[in-house]
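Letter by letter, the chains look like this.
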Amino acid sequence: MSTLRLAVVGVGAYESSRARGYLTTIVKLNDLYTLCAICDHSEASLQAAGDLLGVKARYTDFEAMLCEEKPDVVFVLVPTDGQTVLALTAVSHGCHIITEIPYALTLSLGDAITEACREKGVVWEVAENVWRWPQERLKQKIVREGLLGKITHARLWYAAGSYHGINGVRMILGREARRAMGYARAVDVPPYENYGEQPETTRWWESGTIEFEGDVTCLYEMPPSPGARSSHWEVEGVGGYLSGSELVLYQDGNRASYPFQDVYEEVDGERVLAAVKVDTHPPVVWENPFKQQKVSAVDDVAKAAILNSLHRAVTEGVEPEYGATNARRDMELWIAMRESGERGSVWLDLPLGETTDLERRIRAEYVCRYGGDAVADRAALLDAPFNRLSVMWTVAGWL
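These lines cover the structure that appears in this document, whether it is placed above or below. Because the structure is a prediction, the values reported are computed rather than measured.

Topic: the sheet that holds strand 13 (residues 246-251)
Ordered by their spatial adjacency, 9 strands build an open sheet running 14-13-12-11-7-10-9-8-18, and the pairing between neighbours is mixed. A strand with exactly one partner marks an edge of an open sheet, and here the two such strands are strand 14 (254-259) and strand 18 (348-349). Two elements, strand 9 (residues 199-212) and strand 10 (residues 216-222), share 7 bridges in a ladder whose sense is antiparallel. Note that in strand 10 the partner of E206 across the bridge is M222. The sheet contacts of helix 6 (residues 134-144) involve strand 7 (151-157), strand 11 (232-237), strand 12 (240-243) and strand 13, and relative to strand 12 the element is tilted by about 170°.

Side note on the packing of aromatic side chains
Under the definition given, this model contains 10 aromatic pairs. Their ring planes at 20° and their centres at 3.9 Å tell us that W334 and W398 sit as a pair that is stacked. Of this pair, W334 sits in helix 9 (residues 323-342) while W398 sits in the segment after helix 11 (391-396), and the two are 64 residues apart along the sequence. There is no split in this pair, since W334 and W398 are both buried. An aromatic cluster of three or more residues is present, and its members are Y163, W334 and W398. Looking at R179, its charged tip hangs above the ring of W347, at a distance of 3.8 Å from the centre. Taking the ring centre of Y195 as reference, the NZ or CZ of R388 above it sits at 4.1 Å.

What about the environment of V187?
Considering the arrangement of structural elements, one finds V187 in strand 8 (residues 177-193). Taking C-alpha positions, V187 is 6.7 Å from W205, a pair spaced 18 residues apart along the chain. With sequence-adjacent residues up to four places away left out, V187 is seen in contact with T201, T202, R203, W205 and P224.

The rules we used
- Residues numbered from 1 in each chain as written.
- Predicted model: local features only at pLDDT ≥ 70, side-chain atom pairs only at ≥ 80, totals over all residues.
- Heavy atoms only, no water.
- Pairing = 2+ DSSP bridges.
- Helix = DSSP H or I, 4+ residues; strand = E, 2+ residues; numbered from the N terminus.
- Contact = heavy atoms within 4.5 Å.
- Axes fitted to C-alpha atoms, helices over the stretch in contact; angles between N-to-C directions.
- Phe/Tyr/Trp six-rings, centres within 6.5 Å; stacked < 30°, edge-to-face > 60°.
- Buried < 20%, exposed > 50% of the residue type's maximum accessible area, 1.4 Å probe, protein only.
- Lys NZ or Arg CZ within 6 Å of the ring centre and 35° of its normal.

Pasting the structure below:
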């Protein structure tokens, strides 16, 4: 198996940062990758991450890292507003890329990365984690094996970053959306600090309906928080339903409950997640493919799957497991529901045939904030101080 040289840009400001979690997972997958270099504008973060992981090649200049280290793969873990600029730069150097979620700030910006990858002949994987969580994999398997019978509808509540929830539901259903309708407005909430540590007193509330192939409908809500509901989704069929960590089947006029069970094994003296299952007859089991690498935590398993997907795509010539195509579909659904709301809650057919007004406003806000466009002015923005709070929040209240 070929080991790829992987460089990471954006190492996280804190030990608990999502980027640090990826770095820790990368070094566990040493049969797939060599972590050859790290890059960050913050010298303190760079040294802390480098010392923690024993990475000698540390850079504050991204292009210098690309030129000197010549990585096979670049993992772009900078704030959302910087993703397109750094991804396009890495691709221009002939690197395969993994980018953090979402697809991009707008569909057209993501499409620019897709086209650049096509021209350079490199692979792009998007780090969507939700559908790769062990229990979500089990849900997908339950539906594929027909335990719920004919699927009728789904419900989705997601408090922030709803493309994650859309992704989770769409992957369980295993079918594509045909049209969407939405409603949205800003509502008053108790004072709070947003992701950029700025005071705010409003949040966006969204709801919508998505019609999928096969006469399946999903009812969606992004509730303002704090509120009564947090992130949750359910899928129902003629024969039963999935809700939370439970499968319920309708049997002889009764409901039979099958709670999800985590199965652990000891690997080199360490307790590791080996499988997730339901004790139906026969049982349905999802097995952890990263058990021997001792990757066990729910989101770490997802991280490992993302990294493994890109490796297989590069070394075996297969399509990425998720990739730009799926990332685009998940983001497009969210955009469609918000755009529908702004047009008076009309149905919008999918895929969308044109750039929405919402996306134009997001892109205009980007130019206003950073002084240039992420594609046309990429080189000039390479060293820009990208904010943690994305322009998506300013325009749409989205993380």
